[in-house]
Amino acid sequence: MAQKNYSHPRRSFLKNAAGALGLGFWADETLDALPQNTNTNSKPTDLKITDMRALTVRGAPMTCPIIRIDTNQGIYGLGEVRDGASKTYALFLKSRIVGENPCNIDKIFRKIKQFGGHSRQGGGVCGIEMALWDLAGKAYNVPVYQMLGGKFRDSIRCYADTTESNDPKVYGQRLKGRRDEGFTWLKMDLGVDLVADVPGALTMPVGQRVNSNPNTQHMFTGMELTEKGVQLMADFVAQIREAVGMDIPLSADHFGHIGVNSCIRLGKALTKYNMAWLEDMIPWQRTDLLKQIADAVDIPILTGEDIYLKENFIELCRAHAVDIIHPDLATSGGILETKKIGDAAEDLGVPMAMHFAGSPISCMANVHCAAATENFLVLENHSVDVPWWSDLVNGVDKPIVKKGFIAVPEKPGLGVTLNEAVVKQHLLEPGYFEPTPEWDRERSADRLWS
Ligand SMILES: [Mg+2]
């Protein structure tokens, strides 16, 4: 960007004019200091965070808390707390970041990362980290991907699932519709609820139902697929493949809380349909059991949307308990941590797909990270059927997802601003970035050692 400013047409004109007037000395000494060569967005070294405010968009289709970090120089940064989380996860960190220079992104991240956790608990730390990148980009006048080391690609491949149907003909047509829209990668839900009403497809304690235990981990439900159940689910996928073709990657998710052996038997039966990945078959914390499945099944095993921080991904990759990782940048630690996760996985031979279910703010954070991370495969999008989703922001071409891809923005920071009028039509609670003085004095002794 500095180079671009250097060849500013006005400067060339003045330099030529000065040369024509015999003022070469003046042109060389003084023109370099003219304002057009200076970044007037802000003075990054004097930038200070003064405030953090939030609002929550609903129906996008998820609930999306968006934060705004304000500064002493009028520029602000936008970030987003993980979908479905509370904005409180970010706001209770306000007193820890006010007064800091937002361009010191890694320093601030290390200060607040102890307050993040897995799944939605990581949302506040990640939302703040995104907003800091947006601010630093605006302060230095560069897009976020450039600060990460530059791009590997100019557009980001997306995948989008559809609403479910128990009728494989209907479901197959919906998925084929995605392919016809231009998507080059598909994903479907393939839960055991599909066969729950078929006698003899599942075994479980009498009286228990397929969704009786949403908070009981898979290994502890006593629910297993029978041979008949496995065959029915494989037949279901056969019909989906007939509709969408064998040549397009087709991933599967939301299997239900079945045990490890059922996962293996189902995975083996799906081999001939060449699934792109089997997602979250069991909880991500169970490294040894995931490895048991990954070793037995010749289809890529994937997990990661609820994992906070790179060390937890590295453990899974080092054990080769997964074939692909799937961080959600709004849980995994934000933009830089997710690039580090991708790079660490790449060193261990593991590619990175990215889970995402938020607004265009978090989407753009994902896009910059995906552009700058070599082993990236594909980015999720849950909102292609929400007509106003792209209009939540300005500054980019609409719709944001075009024929299954998102163009990497070239504007400073994340590259988007909020469209206030549209955001106001979809607020969970009244008020647009209302003051947050209640979070000014939150204090504790934060050191993790003595
Ligand atoms: Mg998932």
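These figures come from a predicted structure and were not determined experimentally. (Residues numbered from 1 in each chain as written. Predicted model: local features only at pLDDT ≥ 70, side-chain atom pairs only at ≥ 80, totals over all residues.)

Peer 1: Kindly report on the overall build of the protein chain, identifying the contributing residues and their values.
Peer 2: Across its full length, the protein chain holds 17 helices and 16 strands. Its C-alpha radius of gyration of 25 Å places the protein chain within 12% of the 22 Å reference for a compact globule of 450 residues. For the protein chain, the spread of C-alpha atoms along the principal axes amounts to about 90 × 50 × 45 Å. Looking at the protein chain residue by residue over its 450 residues, the buried ones come to 44%. (Helix = DSSP H or I, 4+ residues; strand = E, 2+ residues; numbered from the N terminus. Rg over C-alpha atoms; globule rule 2.2 N^0.38 Å. Buried ≥ 20, exposed ≤ 12 C-beta atoms within 10 Å, placed from the backbone.)

Peer 1: Could you give an account of the sheet that holds strand β1 (residues 49-57), with specific residues and numbers?
Peer 2: Taking strand neighbours across the sheet as the criterion, the three strands line up as β1-β2-β3 in an open arrangement whose pairing is antiparallel. This sheet does not close on itself; its edge strands, each paired only once, are β1 and β3 (76-80). Across the sheet, the axes of successive neighbouring strands diverge by a mean angle of 20°, strand direction being ignored. As paired strands, β1 and strand β2 (residues 64-71) are joined by eight bridges and run antiparallel to one another. In the sheet register, R53 faces β2, and the bridge partner there is R68. (Pairing = 2+ DSSP bridges. Axes fitted to C-alpha atoms, helices over the stretch in contact; angles between N-to-C directions.)

Peer 1: Explain helix α10 (residues 227-244) to me, and be specific about the residues and the numbers.
Peer 2: Helix length check: α10 (18 residues) gives 26 Å between terminal C-alpha atoms against 26 Å at 1.5 Å per residue, within 8%. The set of residues buried in α10 consists of G229, V230, M233, F236, V237, I240 and V244. Viewed along the axis of α10, the buried residues span an arc of 125°, placing them on a single side of the element. When the buried face of α10 is taken as reference, the exposed residues oriented beyond 90 degrees from it are E227 and D235. (Expected span 1.5 Å × (residues − 1). Arc of directions from axis to C-beta.)

Peer 1: Let's hear about the nonpolar core: which residues, and what values?
Peer 2: Side chains of a nonpolar character, in soluble globular proteins, are inclined to be buried together. Formed by 127 residues in total, the largest nonpolar core has its most connected members in I67, A90, C158, I301, V322 and I325. Residues lining this core come from more than one domain, with at least three contributed by each of domain 1 (44-142 + 432-439) and domain 2 (155-422). Those residues in contact with I67, other than ones at most four positions away along the chain, are M52, A54, G79, V81, K87, A90, G127, I128 and A131. (Core = buried A, V, L, I, M, F, W, Y, C linked by C-beta atoms within 7 Å. Domains from an automatic or database assignment. Contact = placed C-beta atoms within 7 Å.)

Peer 1: Could you give an account of the packing of helix α6 (residues 105-112) against helix α7 (residues 123-140), with specific residues and numbers?
Peer 2: Following both chains from N to C, one finds α6 and α7 inclined at 165°, their axes separated by 10 Å at the closest point. Classified by the angle their axes make, α6 and α7 are roughly antiparallel. Relative to α7, α6 is oriented so that their crossing is right-handed. Contacts between α6 and α7 involve I105, I108, F109 and I112 on the former and, on the latter, V125, I128, E129, L132, W133 and A136. Across the contact of α6 with α7, the residue classes break down as nine nonpolar, no polar and one charged. (Parallel < 35°, antiparallel > 145°, perpendicular 65-115°, else oblique. Left-handed = near helix turned anticlockwise from the far one by under 90°. Nonpolar A, V, L, I, M, F, W, Y, C, P; charged D, E, K, R; others polar.)

Peer 1: Just give me the short version of helix α12 (residues 287-296), but keep the residues and values in it.
Peer 2: Taken as a whole, α12 has its buried residues at L290, I293 and A294. Projected down its long axis, α12 shows its buried positions confined to an angular sector of 100°, all on one face. Looking at α12, the residues exposed on the side facing more than 90 degrees away from the buried face are D288 and D295. Tucked into the core, α12 has its buried residues touching α11 (260-270) and β10 (301-303).

Peer 1: Which residues make up the pairing of β2, and what values go with them?
Peer 2: By the criterion of burial, β2 is predominantly enclosed, with seven of the eight residues buried. Hairpin connection, β1 to β2: the antiparallel pair is bridged by six residues, and G59 has positive phi, about 80°. Strand direction decides the pairing type here: β2 and β3, joined by five bridges, are antiparallel. Residue pairing across strands places D70 opposite Y76, the latter belonging to β3. Linking β2 back to β3 in an antiparallel pair, the connection comprises four residues, with G74 at a positive phi of about 85°.

Peer 1: Just give me the short version of unusual backbone geometry, but keep the residues and values in it.
Peer 2: Following A60, the chain continues to P61 via a peptide bond in cis, the omega torsion being 5°. Inspection of the secondary structure puts P61 in the loop between β1 and β2. Residue P399 follows K398 across a cis peptide bond; omega there is -10°. Structurally, P399 can be placed in the loop between β14 (393-394) and β15 (405-407). You will see that S119, though not glycine, has its phi angle at about 55°, which is positive. Topologically, S119 is positioned in the loop between α6 and α7. Positioned with a positive phi, N274 is a non-glycine residue whose angle comes to about 50°.

Peer 1: Break down the domain arrangement of the protein chain for me, citing the residues and quoting the values.
Peer 2: Here the protein chain is partitioned into domain 1 (44-142 + 432-439) and domain 2 (155-422). One C-alpha centre belongs to domain 1, the other to domain 2; they are set 27 Å apart. Each side of the interface is counted separately: domain 1 has 36 residues, and domain 2 has 28 residues. Looking at the side of domain 1 that touches domain 2, the elements that each hand over two or more residues are β2, β3, α6 and α7. Sort the elements by how many residues they give to the side of domain 1 that touches domain 2 and α7 lands first, with eleven residues. For the side of domain 1 that touches domain 2, the class distribution of residues is 17 nonpolar, eleven polar and eight charged.

Peer 1: Explain the environment of V142 residue by residue, including any values.
Peer 2: Of note, V142 is situated in the loop between α7 and α8 (144-147). Overall, V142 belongs to the partly exposed group, with 18 C-beta atoms counted inside 10 Å. Separated by 269 residues in sequence, V142 and K411 place their C-alpha atoms 6.9 Å apart.

Peer 1: How would you summarise the environment of T287 if you had to cite specific residues and measurements?
Peer 2: Note that T287 resides in helix α12. In sequence terms T287 and L148 are 139 residues apart; their C-alpha atoms lie 30 Å from each other.

Peer 1: Just give me the short version of the confidence of the model for the protein chain, but keep the residues and values in it.
Peer 2: Residues of the protein chain with pLDDT of at least 70 account for 91%, and the chain-wide mean is 92. The low-confidence segment residues 1-38, where pLDDT is below 50, has 24 contacts with residues more than four positions distant or belonging to other chains. (pLDDT = per-residue confidence, 0-100.)

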